[in-house]
Each structure stands twice: as structure tokens, then as C-alpha cells.
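For reference, the chains in residue letters:
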Amino acid sequence: NVSTPCPSGSLCHPPRQDAFAEYLRRTILHFGGNVSTYEFQNEPAGGSFWGGTVKQYVETARTARTVIDSIAAAGGPKVQLLIGAFCGYGAEAFQEELAKAGALQYADAISFHLGPQICAAFGCTGPFDTPEWYYQLLNRSVVFFRNLSKHYTGRDMQLFDTEGGSADTTFLLGLGETGAGLPPSRCLPPLDYRSGAARTVFGEALMQVLGIRRHFYYFQADYVPAEYEVDSSTAFANTNMLDITLA
């Protein structure tokens, strides 16, 4: 947000459209051909990051599309716009409301987060990461967003997973009890780095089978036990989210 500081935590109100347009224009021209895709907003459902209305979200998406198209028409970088950073289960109604209001028509692709709350929704029904379990987990999001794009845009839009991956492991034991949405520790089988890496490869292969075009992971600071003891939320935020975790 380039016009108003986030009032608390990471919640931001919608930007002034002129300021947002200028910010995006300068960003695209600055990075040139080094950046091919820009993701608009983060997990707008629920109010954790987006503080505006559906109408304001669509307006800002339209502004982004206008800027991107005008730069390309003038011979500048041609970039893609991702709409969404939609977060898993439980937010389908809001995501459909955005699509119905026209947000997806301004996008080149839809991004979603295969977040830990999805895994937690399954409870301790395990075993985690069997082919059947993981297919059910991932395919639900894929089918939902494909149907959403076809119904409201007439297109079979590309899907990008821009956060999340294969199921969580025992490397994060204890964080499942913090309310962060990770599976409870009692649900997680013992796991070493070799088996964790094997899960990651399996998850990536399944994403390709289901037609997810791109997948991105976090790289963040290491988990610090002392921080967890003082404030579990900071421990979660600073956890190493390399390549074996759902977070």
C-alpha cells in the first residue's frame, strides 16, 4: 500500500488508484524483463491483509491491468498479472464474489495458496501424504478455481501455487499447537530429511499432473526455540519454510 500505512499488523486499506498505478508502473519499468509476473494482493479473504471491499478490490485489479497493458503497448516489458493469492478452504464464497464482480477478467492467471489450514481441515485422519490423501487435498483447489475461471471468464486460466506445498513434517513439531493452522504434532509421523525430500518430489509431480503451471516456496529465517517460548506467533513467522513444509 503506497498511500496509507498498515494500521495494525499487515492489514492494509485499498490504495489511492493514482498512487498505486504510478507505483506499479515504476516497479515494472525498474525491473524490466527480470520479472515476468506480478501477483496482486495477498489472501484478500478474511481481512488479514485486505481491508477493502470487493468493489475496491476489482477497481484496483482494473488499475493494475491498465498499467500493464499501457506499458506493453508502449514497447515496454510484457508481464503477467496474477489475481488471487487465494487461501485454501473456507474462503470459497468470498473468492466467488470477487469473480462474480469481474476481478478475474483482468488477470492472466489465478494464484492460490495450498496453505496449512487445508491440511488441518482433514484432522488426524492420516496417513499424511499418501497418494490418495494428497490428491484429494490438491485436486479440490484445482477443480474449484478451474470452474471459477471457466464460469466467470470463459477461459481455462493457468493456475499458480504461490505458497504452500506437500504436507508438514515433524521438523515443525510443536507449532501445530500455536493456532497457526498447522497439523497437530500428534498427527505427524517421524520423518527424516530423505523422506521429507521424497514427499516434496511426489508433491511436485502431482502438481504437474494436475496442470499447475508454477509453484513457489518461501525462504525465511530459521526456527528459534527461544522465540517460540516467548511468543509462538513470531516462531511461526520466522520458521524456515524451505521445501518440505506446508507453510
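Just so it is clear, the model here is predicted, and its values are computed rather than measured. (Residues numbered from 1 in each chain as written. Predicted model: local features only at pLDDT ≥ 70, side-chain atom pairs only at ≥ 80, totals over all residues. Heavy atoms only, no water.)

Things to note about the pairing of strand E2 (residues 80-87)
Side chains on a regular strand alternate between the two faces of the sheet. The buried fraction of E2 is high, at 7 of 8 residues. Bridge count for strand E1 (residues 37-40) against E2 is 4 bridges, and the pairing is parallel. Residue pairing for E2: Tyr38 is matched across the bridge by Leu81. With 5 bridges connecting them, E2 and strand E3 (residues 109-114) associate as parallel partners. Within E3, the position partnered with Cys87 by the bridge is His113. (Buried < 20%, exposed > 50% of the residue type's maximum accessible area, 1.4 Å probe, protein only. Helix = DSSP H or I, 4+ residues; strand = E, 2+ residues; numbered from the N terminus. Pairing = 2+ DSSP bridges.)

Some details on the pattern of salt bridges
Per the stated rule, a full pass over the model turns up 7 salt bridges. Across the salt bridge formed by Glu22 and Arg25, the nearest N and O atoms sit 2.7 Å from each other. Remark: Arg25 and Glu22 occur in helix H1 (residues 17-31); sequence separation between them is 3 residues, near one turn of the helix. The partner of Glu22 in a salt bridge is Arg26, and the shortest N-O contact between them spans 2.7 Å. Residue Glu22 and its partner Arg26 are located together in helix H1, separated by 4 residues, close to a single helical turn. By sharing partners, the salt bridges in this structure join Glu22, Arg25 and Arg26 into a single network. (Salt bridge = Lys/Arg side-chain N within 4 Å of Asp/Glu carboxyl O.)

Here's the deal with helix H2 (residues 54-73)
Between its first and last C-alpha atoms H2 spans 29 Å; for 20 residues at 1.5 Å apiece the expected length is 28 Å, and the two agree. All of the buried residues along H2 are Val54, Tyr57, Val58, Thr60, Ala61, Thr63, Ala64, Arg65, Val67, Ile68 and Ile71. In the core, the buried residues of H2 are packed alongside H1, E1, E2 and helix H3 (92-100). Of the residues one or two after H2, Gly75 is the one with positive phi, at around 90 degrees. (Expected span 1.5 Å × (residues − 1). Contact = heavy atoms within 4.5 Å.)

Quick look at the packing of aromatic side chains
In the structure shown here, the tally under the stated rule is 7 aromatic pairs. Cluster of aromatic residues (ring-pair linked, three or more members): Phe20, Phe40, Trp50 and Tyr57. (Phe/Tyr/Trp six-rings, centres within 6.5 Å; stacked < 30°, edge-to-face > 60°.)

Some remarks on the environment of Thr27
You can see Thr27 is positioned in helix H1. Taking relative accessible area as the criterion, Thr27 reaches 17% and is therefore assigned buried.

Some points on the nonpolar core
What tends to happen in soluble globular proteins is that the nonpolar side chains get buried as a cluster. Residues Ile83, Phe112, Tyr134 and Leu138 are the most contacted members of the largest nonpolar core, which totals 41 residues. Those elements giving two or more residues to this core turn out to be H1, E1, H2, E2, H3, E3, helix H5 (131-153) and helix H6 (193-209). If one sorts the elements of this core by residue count, H2 sits on top with 8 residues. Each residue touching Leu138, except ones within four places of it in the same chain, is listed here: Phe112, Leu114, Leu206, Met207, Leu210 and Ile212. (Core = buried A, V, L, I, M, F, W, Y, C linked by side-chain atoms within 4.5 Å.)

Re the side chain of Ser149
Relative to the elements of secondary structure, Ser149 occurs in helix H5. Look at Ser149 and you get buried, because its relative accessible area is 0%. A polar side-chain atom of Ser149 sits 3.1 Å from the main-chain carbonyl oxygen of Arg155. Of note is the side chain of Ser149, whose polar atom sits 3.4 Å from the backbone nitrogen of Met157. Those residues within four positions of Ser149 in sequence are excluded, and the remaining contacts are Leu104, Ile110, Gly154, Arg155, Asp156 and Met157. (Polar contact = N/O pair within 3.5 Å; in protein donor to acceptor, adjacent residues only side chain to side chain.)

What to know about the packing of H2 against H3
Closest axis-to-axis distance for the H2/H3 pair is 9 Å, and the angle between their directions is 55 degrees. As the angle between them shows, H2 and H3 are arranged oblique. Viewed along their axes, H2 and H3 form a crossing whose handedness is right-handed. Of the residues in H3, those touching H2 at Val54, Tyr57 and Val58 are Phe94, Glu97 and Leu98. When grouped by side-chain class, the residues that make up the contact of H2 with H3 number 5 nonpolar, no polar and 1 charged. (Axes fitted to C-alpha atoms, helices over the stretch in contact; angles between N-to-C directions. Parallel < 35°, antiparallel > 145°, perpendicular 65-115°, else oblique. Left-handed = near helix turned anticlockwise from the far one by under 90°. Nonpolar A, V, L, I, M, F, W, Y, C, P; charged D, E, K, R; others polar.)

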